[in-house]
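# Understanding the architecture of this molecule
Okay, here's what each chain looks like letter by letter:
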Amino acid sequence: MSEGNGDGYAVRAEGLEKRYGEKRALDGFDLAVREGTVHGLLGPNGAGKTTAVRILSTLVRLDGGRATVAGLDVARRPREVRARIGLTGQYAAVDEVLTGRQNLEMFGRLFHLGGRRARLRATELLDRFDLTDAADKGVGTYSGGMRRRLDLAASMILAPAVLFLDEPTTGLDPRSRGEVWDSVRALVTGGTTVLLTTQYLEEADRLASRITVIDQGRAIADDTPDGLKNTVGGDRVEVVVADRADIPRAVEVIARVADGEPEADEAGLRVHAPVTDRVNALTEVARTLQDEGVAVEDIGLRRPSLDDVFLRLTGHRTEPPGVRDTSTSASQPKEAAA
Amino acid sequence: MSTRVRPDVSPEARPSTATGTGSDARSGSGPLDLTDLPVRSRTYWLLADVGNIVRRGLTHYRRQPVNIAWQLGFPILSVLLYGHVFGSAMQVPGGGDYRDFLMPGMFAMTMAFGFINTATLVVHDSTKGVIDRFRSMPMAPSAVVAGRGVTDLLVACAELAIMMLTALVMGWRPDAGPGFLAAFGLLLWLRFALIWIGVWLGLLVPNPEAAGGLFVVAFPLTMISSIYVAPQLMPDWLGWVAAWNPLSSTAAATRELFGTPVAGDSWIERHALLMAGVWPVVLTLVFLPLAVRRFRRLSR
């Protein structure tokens, strides 16, 4: 048996259900992840992402539905599944007291590599994840990015068929996040299938070739990043005016070339609308605004962000933690989901 | 893709790997060959897993030896304070030396407080996600708990040895011989039973800080026992409670075995040796299933 049942899917979930008391953490959740890809599982806090990963990685029993990982049923053959997966949780699940090397050697022995092989594998992974210099220092002294890379290395000890990354960059600074992204890309080049949960739209966009959007325990969309963006509409022309009083005129000008109703963001002094003939539309809008004497701060074409997608699909925004780029999310009028 | 498709024999077709030893063929990665892992029995791997968890626990102490000092700090301080400051003012029924009375009590108390260490280490591992990582691996899940227990017993041996050496330096002179070894065994037997309370509490409390608060509960429990003061010197009702405290039986039994027995008139005091054996069985019967249930609930 090759993994994935030979059907090309490394992970399949059908109608997964999980209840915690009255709350339905998963409510008929479906997922299909192709072998050798990065699949993004995108949703806000509490949407069910972590519960889905915990079920698929055999940590939690499912209440209903069926799931296979690497072609094996997670409920009936958990031990065999465990020999084929790696898991990196929201917390860096490595031992803080041990050194990086001691961690990897311990996990290697617990993966039943035997002592000699565990040592060799640890050295190999430390090198691959650029941790050789810090190998013999206690993990407590590591930076967030180093710790997360060690966590990834620990998940890779058996070169697993499927790697679950549960919010791998939450709480990391941009540089560390970049390091983790590079590591993930390298893993996929090596053939690993990755299921990545994230509430960072940018992260799913950058890494995943396919994205499942989850909200209230259900998959509400499953598409490529571009496909998802197209559900919102294609490119948008966007104008930032200098003076609030000019917003109605900008709306009027953009409406002449737009495919749909322009949206105005009063606080951001921004007006934007979907367009098909992007270059002509942009030139036309620029010229007309100039002719009419409207002072323009910025004008350009914008691909819709996944944030737009989320708003469109769910009627509510994602709520990213911490300080994120809010340039596109300030007080845009919230329209109901189509 | 081709590197990921494993020339793996299906687990159904190969019963030896269908038991889930996690040692069947894997795809290679890099220069290290991971396809030819040893196939061994499930029992072998269970013992190996326990051994590796123990090794981890002991490495913690090697990297942070100060932790042993912290764990011993309170009992040693108690020996000094009660032995030297109050020693001459404290009575022992039958007129023995108070330090001879106190030392076995201190040993029992050190074992008793051990459950706080177990709970603290367990709550650290469960809240930091280390236990989840172990559970997501093809190792035996029970090895996580068993390894914790074996580690804590080994550490308890070291603690007892250090405590006894301190006591000897301070002039404590127990009977040597089989009685001494039996006392050592009874103390470890008590510690064994308390592992399960520690694991259970460690999985029950929400964070490491809460585990530290267990000391506030444990301290009065050690006071209301025969550890510091003989129960017959307490008010009647309190003396009765103290005598039935499991710690009292271990303390009284070891006093007997060390050659400095303290007579008591109640049934429980006259059967200290028996009860020092029985109490840990009772505690284990109650708390081992609770700990196991709590551990299983992690999958809920």
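None of the values given here were measured: they were computed from a predicted structure.

## Quick look at the overall build of chain A
Of the regular secondary structure elements, chain A holds 11 helices and 14 strands. Taking the intrachain contacts of chain A between residues at least 6 apart in sequence as the baseline, contacts between residues at least 24 apart amount to 67%. Accessible surface, chain A as shown: approximately 13,500 Å² in total, 47% of it carbon and sulfur.

## Points about the pattern of salt bridges
Under the definition given, this model contains 31 salt bridges over all chains. Put simply, A:Arg287 and A:Glu284 hold a salt bridge, and the shortest N to O gap is 3.2 Å. With A:Arg287 and A:Glu284 both in helix 10 (residues 278–291) and three residues apart, this pair spans about one turn of that helix. By relative accessible area, which is 46% here, A:Arg287 ends up partly exposed. Here A:Glu284 falls in the partly exposed class, since its relative accessible area comes to 33%. Here B:Arg56 makes a salt bridge to B:Asp125, at a shortest N to O gap of 2.8 Å. Of this pair, B:Arg56 sits in helix 2 (residues 42–63) while B:Asp125 sits in helix 4 (residues 98–128), and the two are 69 residues apart along the sequence. The same class applies to B:Arg56 and to B:Asp125, which are both buried.

## Overview of a nonpolar patch on the surface
Among the surface-exposed residues, B:Met223, B:Ile224, B:Trp237, B:Trp240, B:Val241, B:Trp244, B:Trp267, B:Leu274, B:Val278, B:Val282 and B:Val286 lie close enough to one another that they form a single nonpolar patch of about 1,000 Å² accessible area. Elements with a contribution of two residues or more to the nonpolar patch: helix 10 (236–244) and helix 13 (272–296) of chain B.

## Section: the side chain of B:Thr151
All names here are of chain B. If you trace the backbone, Thr151 turns up in helix 6 (residues 142–169). Judged by its relative accessible area of 1%, Thr151 falls in the buried class. Of the polar contacts made by the side chain of Thr151, one reaches the backbone oxygen of Gly147; its length is 2.6 Å. Contact partners of Thr151, with chain neighbours within four places excluded, come to Ile53, Val54, Gly57 and Leu58.

## Looking at the nonpolar core
In terms of nonpolar packing, the biggest core is built from 123 residues, with A:Leu104, B:Phe107 and B:Phe134 touching the most fellow members. Here the element with the most residues in this core is helix 4 of chain B; it accounts for 16 residues. Beyond its immediate chain neighbours, meaning those up to four positions away, A:Leu104 contacts A:Ala122, A:Leu125, A:Leu126, A:Leu150, A:Ala153, A:Ala154 and A:Ile157. Residues A:Leu16, A:Leu26, A:Ala52 and A:Leu195 belong to the second largest nonpolar core, which totals 29 residues.

## Observations concerning the pairing of strand 10 (residues 218–223) of chain A
All names here are of chain A. Note that strand 9 (residues 210–215) and strand 10 share five bridges and pair antiparallel. Across the sheet, residue Thr212 finds its bridge partner in strand 10, namely Asp222. The turn joining strand 9 and strand 10, which pair antiparallel and follow one another in sequence, is formed by two residues; a positive phi near 50 degrees is taken by Gln216.

## Regarding the packing of aromatic side chains
Residues and elements named next belong to chain B. Here the structure, examined in full by the defined rule, presents 15 aromatic pairs over all chains. Pairing Trp200 with Phe287 gives two aromatic rings, centres 5.5 Å apart and planes at 55 degrees, and the pair type is tilted. A residue pair is termed long-range when its members are at least 10 positions apart, and Trp200 in helix 7 (residues 178–204) and Phe287 in helix 13 qualify at 87 residues. Looking at Phe287, the relative accessible area reads 17%, which means it is buried. Judged by centre distance (6.4 Å) and plane angle (15 degrees), the rings of Trp244 and Trp267 are stacked. With a gap of 23 residues between them, Trp244 in helix 10 and Trp267 in helix 12 (residues 267–270) connect regions that are remote in the sequence. For Trp244, a relative accessible area of 33% translates into the label partly exposed.

## Structural notes on the sheet that holds strand 1 (residues 9–20) of chain A
Residues and elements named next belong to chain A. Within the open sheet, the four strands sit side by side as 2-1-4-5. Their pairing is antiparallel. Across the chains shown, the open sheet's two edge strands, defined by having one partner strand only, are strand 2 (23–34) and strand 5 (72–73). In the sheet, strand 1 pairs with strand 2 via nine bridges, with the strands oriented antiparallel. Paired with Tyr20 across the bridge in strand 2 is Lys23. Relative to the sheet, helix 1 (residues 49–56) contacts strand 1, strand 2 and strand 4 (64–69), its axis offset from that of strand 2 by approximately 65 degrees.

Parameters and conventions
- Residues numbered from 1 in each chain as written.
- Chains lettered and ligands numbered in written order.
- Predicted model: local features only at pLDDT ≥ 70, side-chain atom pairs only at ≥ 80, totals over all residues.
- Heavy atoms only, no water.
- Helix = DSSP H or I, 4+ residues; strand = E, 2+ residues; numbered from the N terminus.
- Contact = heavy atoms within 4.5 Å.
- Areas by Shrake-Rupley, 256 points an atom, 1.4 Å probe, with all protein chains shown as cover.
- Salt bridge = Lys/Arg side-chain N within 4 Å of Asp/Glu carboxyl O.
- Buried < 20%, exposed > 50% of the residue type's maximum accessible area, 1.4 Å probe, protein only.
- Patch = residues over 30% accessible without salt bridge, like charges linked within 9 Å, V, L, I, M, F, W, Y side chains within 5 Å.
- Polar contact = N/O pair within 3.5 Å; in protein donor to acceptor, adjacent residues only side chain to side chain.
- Core = buried A, V, L, I, M, F, W, Y, C linked by side-chain atoms within 4.5 Å.
- Pairing = 2+ DSSP bridges.
- Phe/Tyr/Trp six-rings, centres within 6.5 Å; stacked < 30°, edge-to-face > 60°.
- Axes fitted to C-alpha atoms, helices over the stretch in contact; angles between N-to-C directions.

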